[in-house]
Amino acid sequence: MANLQESTQANTIFTQLDLNRVTGSLAISQNQDGRLEAFVIDTDDNIHHAWQNTPNGEDWSDWQSLSNQTAKSLTVASNQDGRLEVFTIGNDKKVYHARQTTVNGKDWSPLKSLRSGIAKSLAVAANKDGRLEVVAIGTDDKVYYAHQTKPNSEEWSKWDDLSRGIADNLTLVPNQDGRLVRHGVNKPTIK
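These remarks concern the structure in this document. Since the model is a prediction, treat every value here as computed from it, not as a measurement. (Residues numbered from 1 in each chain as written. Predicted model: local features only at pLDDT ≥ 70, side-chain atom pairs only at ≥ 80, totals over all residues. Heavy atoms only, no water.)

## So, the overall build of the chain
Within the chain, the regular secondary structure consists of one helix and 13 strands. Put simply, of all contacts in the chain between residues at least 6 apart along the chain, 36% involve residues at least 24 apart. (Helix = DSSP H or I, 4+ residues; strand = E, 2+ residues; numbered from the N terminus. Contact = heavy atoms within 4.5 Å.)

## Comments concerning the pattern of salt bridges
By the definition in use, this model includes eight salt bridges. Here arginine 131 ties to aspartate 129 by a salt bridge, and the two come within 2.7 Å at their closest N and O atoms. The class of aspartate 129 is partly exposed, set by a relative accessible area of 36%. Between lysine 142 and aspartate 161 there is a salt bridge; the shortest N-O distance is 3.9 Å. Here aspartate 161 lies in strand 11 (residues 160-161) and lysine 142 lies in the loop between strand 9 (132-138) and strand 10 (143-147), a separation of 19 residues in the sequence. The exposure class assigned to lysine 142 is partly exposed, which follows from its relative accessible area of 32%. The class for aspartate 161 is partly exposed, based on a relative accessible area of 41%. (Salt bridge = Lys/Arg side-chain N within 4 Å of Asp/Glu carboxyl O. Buried < 20%, exposed > 50% of the residue type's maximum accessible area, 1.4 Å probe, protein only.)

## Thoughts on the packing of aromatic side chains
As enumerated under the stated definition, the model contains two aromatic pairs in all. Residues phenylalanine 39 and tryptophan 108 carry aromatic rings whose centres are separated by 5.5 Å and whose planes lie at 80° to one another, so their mutual orientation is edge-to-face. Here the residue phenylalanine 39 occupies a position in strand 2 (residues 36-42), and tryptophan 108 occupies one in the loop between strand 7 (94-99) and strand 8 (112-126), the gap between them amounting to 69 residues. There is no split in this pair, since phenylalanine 39 and tryptophan 108 are both buried. Where phenylalanine 87 meets tryptophan 156, the ring centres are 5.7 Å apart and the plane angle is 80°; that geometry is what we call edge-to-face. (Phe/Tyr/Trp six-rings, centres within 6.5 Å; stacked < 30°, edge-to-face > 60°.)

## Comments concerning the sheet that holds strand 11
With respect to topology, seven strands assemble into an open sheet ordered 5-6-7-8-9-10-11, the strand pairing being antiparallel. The open sheet has two free edges, formed respectively by strand 5 (71-78) and strand 11, since each of these has just one partner strand. With three bridges connecting them, strand 7 and strand 8 associate as antiparallel partners. Its bridge partner being in strand 8, tyrosine 96 is matched across the sheet by serine 113. (Pairing = 2+ DSSP bridges.)

## What to know about the side chain of histidine 97
Counting through the fold element by element, histidine 97 comes out in strand 7. Assessed through its relative accessible area of 4%, histidine 97 is described here as buried.

Dropping the structure here:
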């Protein structure tokens, strides 16, 4: 039954959006109060978001622009305190992030660069201790990693190289014990 409900809610999101304007990037997360929040990249290459007005409800807010910064892809994660944080790769290939200013809030911080890393894809998840971690495939096809210095922090570590070769795709998944496992697919080497 949960899958049917989720499917119905996803259809509600799309019926309120002019699909001719969406580039295909979509991320959905849940606010601490249970309301879903959806993020898309529009044809203007900017991030827009909408949220359920009530948990499990069919009424959604109007789409709002989250930033005027151009973006290529996006993902969203929840901080330990419940604030959502969106991560995107800008058209300049830098990784950017913005967060809700309050738990369940409608106001967001401006997008800002996550250190000096450049990437072509990324994944984000919360670690066992509550810190968000980002893994990214750099423009050099190596895998890089950065994390919050403490849970809910606006401070981030420097990017570290995790590669044992070059990668084409990656994901970040928590084990049952809460530790994050980074999975990547190596690019084939042509000789």
